[in-house]
Amino acid sequence: MQDRLKIAISACFFHADDQRPIFKGKTLQYIEQSVAHWVGSQGALPVMVPSPDGDTSRGTVNYADYAAWLDGLVLMGGSDMWPGHYGEEPLQPHWSGDRVRDQYETALARAFVAAGKPVFGVCRGLQVLNVAFGGSLWQDIATLRPESKAHRDAGLYDQHFHPVEFVPGTRLAQLYPGVTRVTTNSVHHQGINRLAADFEVEARCPDDLMIEAVRWRGSSYVAAVQWHPEFHDPKDKSVIDDAPILKDFLDAARAARAA
Amino acid sequence: MKTGPLLIGVSSRIYTPGSVGINAGGIWTKNLHYLEQSVAHWVLSGHAMAVMIPAVTRDSIITRSDLDLDDYAGTLDGLLLQGGNDVAPESYGETPQHPDWAGDRVRDLYEVELIDAFVRAGKPVFGICRGLQLLNVMFGGTLLQDIATQRPASRAHRDGSAFERHYHAVELVAGTRLAELYPGVRRGTVNSLHHQAIKDLAPDFVIEAVCPEDGMIEAVRRSGPGYVAAVQWHPEFHIPGDPVNFDDTPMLDDFLQAARAFRLSN
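From a predicted model like this one, the values you see are computed outputs, not experimental measurements.

Novice: Explanation requested: the interface of chain B and chain A in the structure shown.
Specialist: Interface size is often expressed as the accessible area that is lost when the parts come together. Counting residues at the interface gives 52 residues for chain B and 50 residues for chain A. With both chains or domains summed, chain B and chain A bury close to 4400 Å², and 61% of this area falls on carbon and sulfur atoms. Across the contact surface, chain B and chain A share 2 salt bridges. We note a salt bridge from A:Arg4 to B:Asp71, for which the minimum N-O separation is 2.9 Å. Viewed at the interface, chain A and chain B are joined by 17 residue pairs in polar contact (both at pLDDT 80 or more). Secondary-structure elements contributing two or more residues to the side of chain B that touches chain A are strand 3 (32-36), helix 1 (37-45), strand 4 (48-53) and helix 2 (69-75) of chain B. Tallying contributions element by element places helix 1 of chain B first for the side of chain B that touches chain A, with 7 residues. Class assignment for the residues of the side of chain B that touches chain A results in 27 nonpolar, 14 polar and 11 charged.

And the structure:
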């Protein structure tokens, strides 16, 4: 029982808003149940790590303490990043993103990398990791890369799918022997523009070559996918089986614990 | 791990699409588990790490996960119950007297299972507001479904427009553990934002504080082995300049010391 891997899930923010009828002026931090259940589906214990920063902050515990105790980190999906974090101005006010969450997740990811513990990014998590390691994003795929296929359909939400092709020879491709092409959901309007220097592309959308999966070439395990594994119905055989990806991440967490 | 910060689990508030609570529009189409940031920061102020425990119940509709709340109790050093929705009257053998008081049965079941796991593991549990009410119910007590309706002679314990800026006095019961934590203090001012309260006290519970104006129960502790304590107010809300003069630090430290003592003895 004590042996179970303990996996951190980063929080999404519902920032304080005095116009809101309830929780007026309160900052809430949340996770989606589906992410917790996906991370726990192979026996790991997921917990949400709250941000220690913010207007009610009064502690001394920091990100390194969490990284020392937990075995791995999953950055979950959510809002856009603030373009200032990759040296751009927001092209539209509603693409300003969540600067507070960017800073929190970047600090959390850095703490886990420094501790040699694996980090896995989902959707926004892929984008955060790419930026944290020096890359940049398309602020809006449809506007800035109009030749691309649609990567989000607001009406279909998590029932919007497209093909994804693995890059041969990558770790991701090795997890799916004999498979080169899969189908994934697609719920994002931003994507990787400039790839971080030490990142490797592991999968692309064959229709427009948009980057769909990446991995860091560095000293520890940092990998991410642009889709949402937690939204896939495990019974739906028409979409990718995400279990090997989770298992690989958890194996790395187990190995880091033993090291 | 004998050294290092304590690991305190915070129970989730649960948002179900379409339920009463937050209505934040289209993106909130999923089940969410959340906490109020200040609760986490209160735990962190005691140099303990707060983590939120996702909601999983044995009869969870989503059975994809094989999570077991016992494993959280085995791994973490203590449990903090956040405030939030009402306890469902079904949880203490009543039916809701008003549709607005139907409470949150899903969260009741999740938290009862979680509390049970921590108590069986011998680890301390501390309840805030709804947490006090749920602990009382779980150990055999009942609640007033609505103070204003059922105890009209009581003072106001909630002011909808003032939210956490509503206060009243509490009196510590001499000789209790809580009173021991505040030597020389008999009365204090706390915030008050609840419309339900303890009606029948759970058999093994000791009253540690009351509202002197109406005798409403404001703090309890379970007698016997283990550490189960709770307060009806919200110690995590700190508003600069508010009239709260009841220092929450000794309460938090006491809870954390119990968690530390258990860790060191095992």
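Novice: Sorry if this is basic, but what is going on with the sheet that holds strand 3 of chain B here?
Specialist: Backbone hydrogen bonds hold the strands of a sheet together, and the pairing may be parallel or antiparallel. The 4 strands are arranged 2(A)-3(A)-3(B)-2(B) in an open sheet whose pairing can be described as antiparallel. Looking at which strands have only one partner, the edges of the open sheet turn out to be strand 2 (12-14) of chain A together with strand 2 (13-15) of chain B. Adjacent strand axes in the sheet meet at a mean angle of 35° when their direction is disregarded. Note that strand 2 of chain A and strand 3 (residues 28-32) of chain A share 3 bridges and pair antiparallel. Bridge pairing in strand 3 of chain A links A:Phe14 to A:Leu28. Helix 1 of chain B rests against strand 2 and strand 3 of chain A together with strand 3 of chain B of the sheet, and its axis sits at about 60° to strand 3 of chain B.

Novice: Just to check I follow, could you spell out the side chain of A:His228 for this structure?
Specialist: Residues and elements named next belong to chain A. Examined against the element boundaries, His228 turns out to sit in the loop between strand 13 (222-225) and helix 7 (243-258). Judged by its relative accessible area of 6%, His228 is buried. Look past the residues within four positions of His228 in its chain and what remains in contact with it is Gly77, Val122, Cys123, Asn185 and Val187.

Novice: Honestly, unusual backbone geometry in this entry has me stumped. Any pointers?
Specialist: Most peptide bonds take the trans form, and the phi angle of most residues other than glycine is negative. All names here are of chain A. Positive phi is not limited to glycine here, since Tyr157 has a value of about 50°. Among the secondary structure elements, Tyr157 is positioned in the loop between helix 5 (141-144) and strand 8 (161-166). The phi angle at Leu209 is positive, at roughly 65°, despite the residue not being glycine.

Novice: Just to check I follow, could you spell out the packing of helix 3 (residues 99-114) of chain A against helix 4 (residues 124-132) of chain A for this structure?
Specialist: Residue and element names in this part refer to chain A. Interhelical geometry of helix 3 versus helix 4 gives an angle of 75° and a closest axis separation of 10 Å. In terms of orientation, helix 3 lies roughly perpendicular with respect to helix 4. Residues Arg101, Asp102, Glu105, Thr106, Ala109 and Arg110 of helix 3 touch helix 4, and the partners they reach there are Arg124, Val128, Leu129 and Ala132. Looking at the contact of helix 3 with helix 4 residue by residue, the class counts come to 4 nonpolar, 1 polar and 5 charged.

Novice: Would you mind going over helix 3 (residues 105-120) of chain B with me for this structure?
Specialist: The α-helix winds at 3.6 residues per turn, so residues separated by three or four positions along the chain end up facing the same way. Residue and element names in this part refer to chain B. Between its terminal C-alpha atoms helix 3 stretches 22 Å, which fits the 22 Å expected from 16 residues at 1.5 Å a residue. Buried residues of helix 3: Arg107, Asp108, Tyr110, Glu111, Glu113, Leu114, Ile115, Ala117 and Phe118, and no others. A positive backbone phi angle near 80° is found at Gly122, which sits one or two residues after helix 3.

Novice: I keep staring at helix 7 (residues 249-265) of chain B and nothing clicks. Help me out?
Specialist: An ideal rise of 1.5 Å per residue puts 24 Å on 17 residues; helix 7 of chain B measures up with 24 Å between its terminal C-alpha atoms. All of the buried residues in helix 7 of chain B are B:Met251, B:Leu252, B:Asp254, B:Phe255, B:Leu256, B:Ala259 and B:Arg263.

Novice: I'm lost on the packing of helix 3 of chain B against helix 4 (residues 130-138) of chain B in this one. Help?
Specialist: Relative placement of two packed helices is described by the angle separating their axes and the distance separating the axes. Residues and elements named next belong to chain B. The geometry of helix 3 relative to helix 4 is characterised by a closest axis approach of 11 Å and an angle of 75° between their N-to-C directions. Relative to helix 4, helix 3 is oriented roughly perpendicular. Side by side, helix 3 and helix 4 meet where Arg107, Asp108, Glu111, Val112, Ile115 and Asp116 of the first sit next to Arg130, Leu134, Leu135 and Met138 of the second. Looking at the contact of helix 3 with helix 4, its residues break down into 5 nonpolar, no polar and 5 charged.

Novice: So what exactly am I meant to see when it comes to the state of the cysteines here?
Specialist: Overall, the coordinates contain 0 disulfides over all chains when judged by the stated rule. Cysteine B:Cys211 is unpaired, with the sulfur of B:Cys129 as its nearest cysteine sulfur at 14 Å.

Novice: Would you explain the pairing of strand 4 (residues 45-49) of chain A in this entry?
Specialist: A regular strand places its side chains on the two faces of the sheet in alternate fashion. All names here are of chain A. Taken across its 5 residues, strand 4 has 5 buried, putting it largely inside the fold. Here strand 4 shows a buried face lined by Leu45, Val47 and Val49 and a second buried face lined by Pro46 and Met48. Relative to strand 4, strand 1 (residues 6-10) runs parallel, the two being bridged by 5 bridges. Across the sheet, Ile7 pairs through a bridge with Pro46, a residue of strand 4.

Novice: Is there a simple way to explain the pairing of strand 4 of chain B in this structure?
Specialist: Residues and elements named next belong to chain B. Of all 6 residues that make up strand 4, 6 are buried, and the element is covered over most of its length. Sheet topology places strand 1 (residues 6-11) next to strand 4; 6 bridges connect them, and they run parallel. Following the sheet pairing, Ser11 is matched in strand 4 by Ile53.

Novice: What is the right way to read the packing of aromatic side chains from this model?
Specialist: Each pair of aromatic rings is reported with the distance of its centres and the angle of its planes. Evaluation of the coordinates by the stated rule reveals 15 aromatic pairs over all chains. On the numbers, 6.1 Å between centres and 50° between planes, the contact of A:Tyr157 with A:Phe231 is tilted. Taken together, the positions of A:Tyr157 in the loop between helix 5 and strand 8 and A:Phe231 in the loop between strand 13 and helix 7 put the pair 74 residues apart, joining distant regions of the chain. By relative accessible area, A:Phe231 is classed as buried at 11%. Between the aromatic rings of B:Phe139 and B:Phe205, the centroid separation amounts to 5.7 Å while the plane-to-plane angle is 45°, which identifies the pairing as tilted. Within this pair, whereas B:Phe139 is found in the loop between helix 4 and strand 7 (143-144), its partner B:Phe205 is found in strand 11 (residues 205-210), the two being separated by 66 residues in sequence.

Rules used throughout
Residues numbered from 1 in each chain as written. Chains lettered and ligands numbered in written order. Predicted model: local features only at pLDDT ≥ 70, side-chain atom pairs only at ≥ 80, totals over all residues. Heavy atoms only, no water. Contact = heavy atoms within 4.5 Å. Buried area = accessible area lost by both parts, 1.4 Å probe. Salt bridge = Lys/Arg side-chain N within 4 Å of Asp/Glu carboxyl O. Polar contact = N/O pair within 3.5 Å; in protein donor to acceptor, adjacent residues only side chain to side chain. Helix = DSSP H or I, 4+ residues; strand = E, 2+ residues; numbered from the N terminus. Nonpolar A, V, L, I, M, F, W, Y, C, P; charged D, E, K, R; others polar. Pairing = 2+ DSSP bridges. Axes fitted to C-alpha atoms, helices over the stretch in contact; angles between N-to-C directions. Buried < 20%, exposed > 50% of the residue type's maximum accessible area, 1.4 Å probe, protein only. Parallel < 35°, antiparallel > 145°, perpendicular 65-115°, else oblique. Expected span 1.5 Å × (residues − 1). Disulfide = S-S within 2.5 Å. Phe/Tyr/Trp six-rings, centres within 6.5 Å; stacked < 30°, edge-to-face > 60°.

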